[in-house]
Amino acid sequence: MTRVYNFSAGPAALPLPVLQKMQAELLDFKGTGMSVMEMSHRGTVFTEVLVRARDTLRRLLNIPSNYHILFMQGGAIGENAIVPMNLLGGERTVSDHVISGAWSIKTQKEAGKYGESRIIANADDGQGRFTYYPEPSSWQLSDNSAYVAICTNETIHGVEWYPSAELTARIEASGSFLVSDMSSHILSRPLDVSRYGVIYGGAQKNIGPSGVTFVIVRDDLLDRAQAICPSAFTWRNVADNDSMFNTPPTLGIYCAGLVFEWLEANGGLTEMAKINDAKAKLLYDTIDNSRLYRNDVQPTYRSCMNVPFFLNDESLNQTFLDGALAAGLAGLKGHKMVGGMRASIYNAVSMEAVQALVAYMQAFERQHAQS
Ligand SMILES: Cc1ncc(COP(=O)(O)O)c(C=O)c1O
């Protein structure tokens, strides 16, 4: 069996011990004589799987008791509609949006179907390039927004940022709160959940397979849904039914639970942050110290999870990718919107994988400097 080093942006690498456990348990899950995919979600065996996954996630992220954890479907893009349907209404029909890249743009556009979605800050350089987050003091907050939407890690542009406690306090003073799409960096380091009203994302980067959407929502926000909101997407219904208002994505939740346990067994998010910082530093240092590679993001905002980089000689792009694959390094092609390369170095991508990538990049540069 040959496994590659997988730098895919998502669906992405999963921890090998998790895959091995799934393989071992596939045909006979805990003595039931069936796989976890084949059993009722309402039975005691699966209920235990779900509760355990939820409780482990709460411990990992230190999620306060006044927040619900929901496992849903529809992905982060689905949630871009589900969020406004659950939160806009009454006197607050406006959502404020900070534009930091492609994903926050999508969120803002979708919210516009359900109310007024205002852009209150925009980091677009005029040519669709995003290299920083707008300074919060420049945000033009609305007086009556229901919420302020941000994306704290832009997977395509490779920018990352966390709001401060002061910013949260300022927004809450206006009667609003932060909602963040954290699809691509949740669980990469410890997080102060209390700074947000809602955190959501797709599982397929740092959590598990695609098909599971996580939503962490403050309890006082569960009862604002508009009548238009489908019952299965109404957070109150999902919360009251322990994420089983309809049949949940059972295999994905089981896998997510194993990933949470793997994280906990490996020192939790503090340890993960150390490893992630070291991986990112090695890769950015390699790029910065080279004449061939370039990353345009302002250093403070460089993502620890998604590292886009460009070859100064773009005619070498395909040769770089072909050579990488031959060396067992997969998933490095940049998103079509920005081109170049992108290495996604999620939790399950080891330091060893990043070292192999760096060694390949350096050898490739030496080879092409000579030719
Ligand atoms: C930050 C971010 N938001 C949203 C999405 C879309 O998520 P989904 O495909 O799960 O709807 C992605 C990636 O795929 C993403 O990286």
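Residues numbered from 1 in each chain as written. Predicted model: local features only at pLDDT ≥ 70, side-chain atom pairs only at ≥ 80, totals over all residues. Heavy atoms only, no water.

## Let's talk about the overall build of the protein
Scanning the protein from N- to C-terminus turns up ten helices and 14 strands. A compact globule built from 371 residues should have a C-alpha radius of gyration of about 21 Å, and the protein, at 21 Å, falls within 12% of that. Seen through its principal axes, the protein has C-alpha atoms that stretch 65 × 60 × 30 Å. Counting only residues that meet the buried cut, the protein has 53% of its 371 residues in that class. Taking the contacts inside the protein whose residues are at least 6 apart along the sequence as the reference set, 69% of them involve residues at least 24 apart. Surface accessibility of the protein: about 15,800 Å² in total, with carbon and sulfur atoms responsible for 51%. Side-chain charges of the protein comprise 31 positive and 37 negative groups, with the mean position of each set lying 2 Å from the other. (Helix = DSSP H or I, 4+ residues; strand = E, 2+ residues; numbered from the N terminus. Rg over C-alpha atoms; globule rule 2.2 N^0.38 Å. Buried < 20%, exposed > 50% of the residue type's maximum accessible area, 1.4 Å probe, protein only. Contact = heavy atoms within 4.5 Å. Areas by Shrake-Rupley, 256 points an atom, 1.4 Å probe, with all protein chains shown as cover. Lys, Arg positive; Asp, Glu negative; His and termini not counted. Charge placed at Lys NZ, Arg CZ, Asp CG, Glu CD.)

## Focus on the nonpolar core
Judged by nonpolar contacts, the single largest core of 55 residues is most densely connected at L61, F71, W139, I186, L187, I199 and F260. In terms of residues, this core owes the most to one element, helix α7 (residues 250–265), which gives nine residues. Counting only domains with at least three residues in this core, you end up with domain 1 (17–265) and domain 2 (268–370). Counting residues in each nonpolar core, the second largest holds 29 residues, with F7, L283, V354 and L357 among its members. (Core = buried A, V, L, I, M, F, W, Y, C linked by side-chain atoms within 4.5 Å. Domains from an automatic or database assignment.)

## Observations regarding the site of the ligand
The ligand sits among G75, A76, I77, W103, C151, N153, T155, D181, S183, S184, Q204 and K205. Between D181 and the ligand, the recorded distance is 2.6 Å, taken from a side-chain N or O atom to a nitrogen atom. Here an oxygen atom of the ligand sits 2.9 Å away from a polar atom, N or O, in the side chain of Q204. Protein chains shield 84% of the accessible area of the ligand, which is 390 Å² for the free molecule. (Near = heavy atom within 4 Å. Polar contact = N/O pair within 3.5 Å; in protein donor to acceptor, adjacent residues only side chain to side chain.)

## A few points about the pattern of salt bridges
Note that side chains of opposite charge can pair when their charged atoms are close. Tallying each qualifying case throughout the model produces 17 salt bridges. Close ionic contact of R189 with D277 constitutes a salt bridge, the shortest N to O distance being 2.7 Å. In this pair, R189 sits in the loop between β8 (178–181) and β9 (198–202) while D277 sits in helix α8 (residues 268–288), placing the two residues 88 residues apart along the sequence. Notably, a salt bridge pairs D223 with R236, separated by 2.8 Å at the nearest N-O pair. Taken together, the residues D223 in the loop between β10 (213–218) and α6 (235–240) and R236 in helix α6 connect sequence positions 13 residues apart. (Salt bridge = Lys/Arg side-chain N within 4 Å of Asp/Glu carboxyl O.)

## Thoughts on the UniProt feature "modified residue: N6-(pyridoxal phosphate)lysine" (unreviewed entry) in the protein
With numbering matched to this structure, UniProt assigns "modified residue: N6-(pyridoxal phosphate)lysine" (unreviewed entry) to K205. Its location among the elements puts K205 in the loop between β9 and β10. Of the residues examined, K205 reaches a relative accessible area of 13% and is grouped as buried. Those residues in contact with K205 that sit more than four places away from it in its chain are A9, G10, A12, A13, T155, S183, S184 and Y346. Looking at K205, its side chain comes within polar contact range of the main-chain oxygen of A9, at 3.1 Å. (UniProt positions renumbered as here; feature names shortened; annotations may be inferred.)

## A word on helix α9 (residues 317–326)
Residues N317, F320, L321 and A324 constitute the buried set of α9. Within α9, the buried residues cover an arc of 95° as seen down the axis, which keeps them to one side. (Arc of directions from axis to C-beta.)

## Brief notes about the pairing of strand β4 (residues 116–122)
Each regular strand carries side chains that alternate between the two faces of the sheet. Two strands pair when backbone bridges link them, and strand β3 (residues 94–99) and β4 are joined in this way by six bridges, in the parallel orientation. Following the sheet pairing, I99 is matched in β4 by N122. As a crossover connection, the stretch from β3 through helix α4 (residues 102–111) into β4 is right-handed. (Pairing = 2+ DSSP bridges. Right-handed = clockwise from strand over helix to strand, strands pointing away.)

## Considering helix α1 (residues 16–25)
Given 3.6 residues per helical turn, the α-helix brings residues three or four places apart onto the same face. For α1, the full list of buried residues reads V18, M22 and E25. Along the axis of α1, the buried positions cluster into a sector of 75°, meaning they face one direction only. Exposed residues on α1 whose side chains face more than 90 degrees from its buried face are Q23 and A24. Residues of α1 that are buried in the fold lie against α7.

## Some thoughts on the UniProt feature "binding site: L-glutamate" (unreviewed entry) in the protein
The feature "binding site: L-glutamate" (unreviewed entry), as given by UniProt, occupies R42 in the numbering adopted here. For R42, the position within the fold is in the loop between α1 and α2 (44–61). In this structure, R42 is in contact with T47, M244 and F245, ignoring residues within four places of it in sequence.

## Digging into the packing of α7 against α8
For the pair α7 and α8, interaxial distance at closest approach is 7 Å and the crossing angle is 80°. Here α8 runs roughly perpendicular to α7, going by the angle between their axes. The residues of α8 that touch α7, namely those facing W262, L263 and E264, are G268, L269 and M272. Split by residue class, the contact of α7 with α8 holds four nonpolar, one polar and one charged. (Axes fitted to C-alpha atoms, helices over the stretch in contact; angles between N-to-C directions. Parallel < 35°, antiparallel > 145°, perpendicular 65-115°, else oblique. Nonpolar A, V, L, I, M, F, W, Y, C, P; charged D, E, K, R; others polar.)

## Brief notes about the side chain of R218
Within the secondary structure, R218 is located in strand β10. Setting aside chain neighbours within four positions, we find R218 in contact with N66, Y67, E172, F177, Y196 and G197.

## Considering the packing of aromatic side chains
In the structure shown here, the tally under the stated rule is ten aromatic pairs. Summarising the aromatic geometry, the rings of Y133 and W161 are spaced 5.3 Å apart at their centres and angled 25° between planes, so their arrangement reads as stacked. Of the two residues, Y133 is situated in the loop between β4 and β5 (145–151) and W161 in the loop between β7 (159–160) and α5 (165–173); the sequence distance between them amounts to 28 residues. By relative accessible area, W161 is classed as buried at 13%. Between F320 and F364 the ring centres are 5.1 Å apart and the planes differ by 85°, which places this aromatic pair in the edge-to-face class. With a gap of 44 residues between them, F320 in helix α9 and F364 in helix α10 (residues 351–370) connect regions that are remote in the sequence. (Phe/Tyr/Trp six-rings, centres within 6.5 Å; stacked < 30°, edge-to-face > 60°.)

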